[in-house]
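So the chains spell out like this:
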Amino acid sequence: MEKSNINLNSKLPRVGSTIFSKMTQLANQHHAINLSQGFPDFEADPKLLELVDKYMHNGDNQYAPMAGVLPLRKKLSEISDAEFGCSYDIDKEITVTAGATQAIATAVAATIREGDEVILFSPAYDCYAPMVELHGGIPVFVKLIYPDYSINWEYVKKVLSHRTRMIILNNPHNPSGSILKESDLRTLTEITENSNILILSDEVYENILLNGETHQSVRRFSELAARSFVIGSLGKTLHVTGWKIGYCMAPENLMREFQKVHQYLVFSVNTPVQYAIAEYLEDHETDKVSETYRHKRDLFLEFTANSRFKPLTTHGGYFQLMEYSDITREADVEFAERLTTEYGVAAIPLSVFYSQPTDHKVLRFCFAKNEETLRKAGLLLSKV
Ligand SMILES: Cc1ncc(COP(=O)(O)O)c(C=O)c1O
């Protein structure tokens, strides 16, 4: 293709290729164990794969309804009701999406206008700020308190303004593995009371609680649920991140606006996968997922116990943070690169999740891997 001379004024001038692609590329080049990107290296339940096959051969291969197939919306509503006492109308308040990523982009596109402020907690998952900026919104970052990555609510109160349109929560939190407590959600209820502030609650790790704690979804708090887009990822819960399937639940007036955008962004998502997941969830409890990952987290900690990395406490999700100041004072990006090229293990430096330079000498390791991968990584990390 010939070079284009079109003068494009980028809408996202600061966005380049993500650190995840960069580290994965580096890991592949150096045949390193890739604990950088968040995806499982083990297969999903064969029963789930058989169900997709069944629905594909059944002829369920054409467009699904815009909001998603009825059995899946029904199942998602039942689960929300059983777990959080919050039921959503299956016709008006649930949409199945192409992963949580599309749900986040859609919720932001449907509600954020030029000049609206959106409170984000850093370190922050990478897709929130660019989506806010794309629609003319202004990300307002509040740093989580190191090392437990809890929320400084006094600071949140200070940055709230008449322009605050949305607060984006991520619970359990990527990259830190922290979770919100009931008291956090009570405080959030108080500070948003009588306001027009929306909440986008990214709960993609809702089924990965590592220490027996309860998931404090905004759905447990009726005042919060009434102003929230709750977003989940079936790809995360069922170990099939490549299927890119997620959902959004919200009160009718919010969902109406969400669907106006959704219908023109994707219209609808993969039909046989939706039917398969709906049937699979009839006889499979999602709370087993926590057990699977608790075991993997414990193995990773055991295999790295003799290393000079210091684990921080994780509560949810499938990432373990490790502090490395006993090893080196190098910047975390440099050290992550050297760890990949010289020691053969790829991880993500935490500083990339901040908008302002912040380096606590911490790396993020994904432990959604089989035992052998974790054992090998542990051996390599123990040599550092
Ligand atoms: C916090 C968070 N939100 C959203 C996503 C995206 O989920 P999905 O793969 O369903 O789009 C991820 C994936 O890593 C994530 O960690």
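Up top is the structure.
Before going into details, it helps to say that this report is about the structure given with it. (Residues numbered from 1 in each chain as written. Predicted model: local features only at pLDDT ≥ 70, side-chain atom pairs only at ≥ 80, totals over all residues. Heavy atoms only, no water.)

**So, the overall build of the protein chain**
Move 1: Along the protein chain, the regular secondary structure elements total 14 helices and 13 strands.
Move 2: Taken against the 2.2 N^0.38 rule, which gives 21 Å for 384 residues, the C-alpha radius of gyration of the protein chain at 21 Å falls within 12% of a compact globule.
Move 3: Each principal axis of the C-alpha distribution contributes one length, and for the protein chain these read about 55 × 55 × 55 Å.
Move 4: Burial status across the protein chain gives 56% buried among its 384 residues.
Move 5: Long-range pairs, those at least 24 residues apart, make up 75% of the contacts in the protein chain between residues at least 6 apart in sequence.
Move 6: Accessible area for the protein chain stands at about 17,700 Å²; split by element, carbon and sulfur atoms hold 49% of it.
Move 7: Here the protein chain carries 39 positive and 49 negative side-chain charges, and the mean point of each set is 4 Å from the other. (Helix = DSSP H or I, 4+ residues; strand = E, 2+ residues; numbered from the N terminus. Rg over C-alpha atoms; globule rule 2.2 N^0.38 Å. Buried < 20%, exposed > 50% of the residue type's maximum accessible area, 1.4 Å probe, protein only. Contact = heavy atoms within 4.5 Å. Areas by Shrake-Rupley, 256 points an atom, 1.4 Å probe, with all protein chains shown as cover. Lys, Arg positive; Asp, Glu negative; His and termini not counted. Charge placed at Lys NZ, Arg CZ, Asp CG, Glu CD.)

**Focus: the site of the ligand**
Move 1: In the neighbourhood of the ligand, 14 residues make up the surrounding shell, with Thr101, Asp202, Tyr205, Lys236 and Lys244 lying closest.
Move 2: Take Tyr205: an N or O atom from its side chain is 2.7 Å from an oxygen atom of the ligand.
Move 3: Within the side chain of Lys244, a nitrogen or oxygen atom sits 2.6 Å from an oxygen atom of the ligand.
Move 4: Its free accessible area being 400 Å², the ligand has 92% of it covered by the protein chains.
Move 5: Tallying contributions element by element places helix 4 (residues 99-111) first for the shell around the ligand, with four residues.
Move 6: Here the residues of the shell around the ligand sort into six nonpolar, five polar and three charged. (Near = heavy atom within 4 Å. Polar contact = N/O pair within 3.5 Å; in protein donor to acceptor, adjacent residues only side chain to side chain. Nonpolar A, V, L, I, M, F, W, Y, C, P; charged D, E, K, R; others polar.)

**Focus: the packing of aromatic side chains**
Move 1: This structure, assessed with the given rule, holds 16 aromatic pairs.
Move 2: Between the aromatic rings of Phe42 and Tyr293, the centroid separation amounts to 6.3 Å while the plane-to-plane angle is 50°, which identifies the pairing as tilted. Of this pair, Phe42 sits in the loop between strand 1 (33-34) and helix 2 (46-57) while Tyr293 sits in helix 12 (residues 288-303); the two residues are 251 residues apart in sequence, bridging distant segments of the chain.
Move 3: Residue classification places Phe42 among the buried positions, given a relative accessible area of 18%.
Move 4: The class for Tyr293 is buried, based on a relative accessible area of 0%.
Move 5: Ring geometry for Tyr324 and Phe335: centres 4.4 Å apart, planes at 40°, overall tilted. In this pair, Tyr324 sits in the loop between strand 10 (319-323) and helix 13 (332-343) while Phe335 sits in helix 13, placing the two residues 11 residues apart along the sequence.
Move 6: Residue Phe335 is classed as buried on the basis of its relative accessible area, which comes to 0%.
Move 7: Here the aromatic cluster, defined as three or more aromatic residues joined through ring pairs, consists of Phe42, Tyr205, Tyr293, Tyr318 and Phe319.
Move 8: Over the ring of Phe319 we find Arg364; its NZ or CZ atom is 3.6 Å from the centre of that ring. (Phe/Tyr/Trp six-rings, centres within 6.5 Å; stacked < 30°, edge-to-face > 60°. Lys NZ or Arg CZ within 6 Å of the ring centre and 35° of its normal.)

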